[in-house]
Each structure stands twice: as structure tokens, then as C-alpha cells.
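Reading the structure
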Amino acid sequence: MPASLAISRIGQIALSASDLDRATAFYRDVLGMKFLFSAPPGMSFFECGGVRLLIGGPEAGGGAQAATTLFYFVPDIRDAARVLTERGVAFDRDPIMIAKLADREVWLAEFKDSEGNSAALMSEVPLAN
């Protein structure tokens, strides 16, 4: 029996920026997107109609080349990564926590699609109160 996989929606899109401060100001102040949080190395996060936008500066691999990454929201990142690994997907590394917020942890697991495009699984784990 094939393992199940529950990709439910695109949770985040990443864009590169050569100047993170300038890009953060543009998305926040010019476009009026709700600024959510910053995380190392060199990332700013915004809310845009239910999809999170990540702006990555040079420290996060952003910069001169245009790069877009689709982030697929999954309820259990470790289980989803295991299923995809069984299906032949090679992850850059095991799932990692990239941010611990007041009410949740944000986890990522990055990989390439069949054409070499960047993609990632993402999961938000609520913190116990």
C-alpha cells in the first residue's frame, strides 16, 4: 500500500533580495503587507492573503539571481519528509526548526523538484501552553 501524503496548500513563497532592508521596507511600507517576523540568516516574513511571503537577503542565499521557492504546508513535516524520501526525493538536510515564535515553531525541509527547482515542506508546530 502506498504511503499517504497530505499536501494541503502552498504555505509560503520565497523571493530573493540583494538588499534585505530595502526589500523589507518595500513590502511593508510600499505594498503595505503585514510584517510577521525576521529570522536568521537574513529573512523577513510577511502575510499576503493567507500565503506567507519570505524575502531572503544575501545571507539566506538571495541576491543577484532571481529565485523562487514553493513551500508546501504539511501537518507533520517529519512524516511527509519520510514519505517523499521513500518516493526518491533527496532532501538538502533533515527537517529543521528555523524560528520559535511565541505560540509555535516553524519547521522546513528543502529539496529540488524533478527539474532542479527549489521546493520545501513547511510545518508549524503549536507550542504547548
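In the block above lies the structure referred to throughout.
To start, this report covers the structure provided alongside it. (Residues numbered from 1 in each chain as written. Predicted model: local features only at pLDDT ≥ 70, side-chain atom pairs only at ≥ 80, totals over all residues. Heavy atoms only, no water.)

**Considerations on the overall build of the chain**
Quick reminder of the rule: Numbered from the N terminus, helices here are DSSP runs of H or I no shorter than four residues, and strands are runs of E no shorter than two. Here the radius of gyration uses the C-alpha set of atoms, whereas the globule reference equals 2.2 Å times the residue count to the power 0.38. Three labels apply to residues, based on accessible area from a 1.4 Å probe with only protein chains included: buried if under 20% of the type maximum, exposed if over 50%, partly exposed otherwise in between.
For the chain, the count of helices and strands is two helices and eight strands. Secondary structure elements in the chain, listed N-terminal to C-terminal, are β-α-β-β-β-β-α-β-β-β. The C-alpha radius of gyration of the chain comes to 15 Å, within 12% of the 14 Å expected for a compact globule of 129 residues. Each principal axis of the C-alpha atoms in the chain carries an extent, and together these give about 50 × 40 × 25 Å. A burial count over the chain gives 38% of its 129 residues as buried.

**A short note on helix α2 (residues 77-86)**
So the rule is basically this: The arc in question is traced by the directions running from the helix axis to the C-beta atoms. Residues are treated as being in contact if the distance between any of their heavy atoms lies within 4.5 Å.
Among all positions in α2, only I77, A80, A81, V83 and L84 are buried. Projected onto a plane normal to the axis of α2, the buried residues spread over an arc of 160° and lie on a single side. Of the surrounding elements, those touching the buried residues of α2 are β7 (104-112) and β8 (118-126). G88 occupies a position one or two residues after α2 and carries a positive phi of about 100°.

**Description of the packing of aromatic side chains**
For any pair of aromatic rings, geometry is given as the distance between the ring centres together with the angle between the planes. Stated precisely, the cut-off is as follows: Only Phe, Tyr and Trp rings are paired, with Trp represented by its six-membered ring, and only when their centres lie within 6.5 Å; those with planes under 30 degrees apart are stacked, over 60 edge-to-face, the remainder tilted. When the NZ atom of lysine or the CZ atom of arginine is within 6 Å of a ring's centre and also within 35 degrees of its normal, the charge is said to sit over that ring.
All chains considered together, the criterion is met by five aromatic pairs. Summarising the aromatic geometry, the rings of F26 and Y27 are spaced 5.4 Å apart at their centres and angled 85° between planes, so their arrangement reads as edge-to-face. With 6.0 Å between their ring centres and 40° between their planes, Y27 and F46 make a pair best called tilted. A residue pair is termed long-range when its members are at least 10 positions apart, and Y27 in helix α1 (residues 20-30) and F46 in strand β3 (residues 43-48) qualify at 19 residues. Judged by relative accessible area, Y27 falls into the buried class, the value being 16%. Residue F46 is classed as buried on the basis of its relative accessible area, which comes to 0%. Cluster of aromatic residues (ring-pair linked, three or more members): F26, Y27, F35 and F46. Cation over ring: R9 sits above F73, and NZ or CZ is 4.3 Å from the ring centre.

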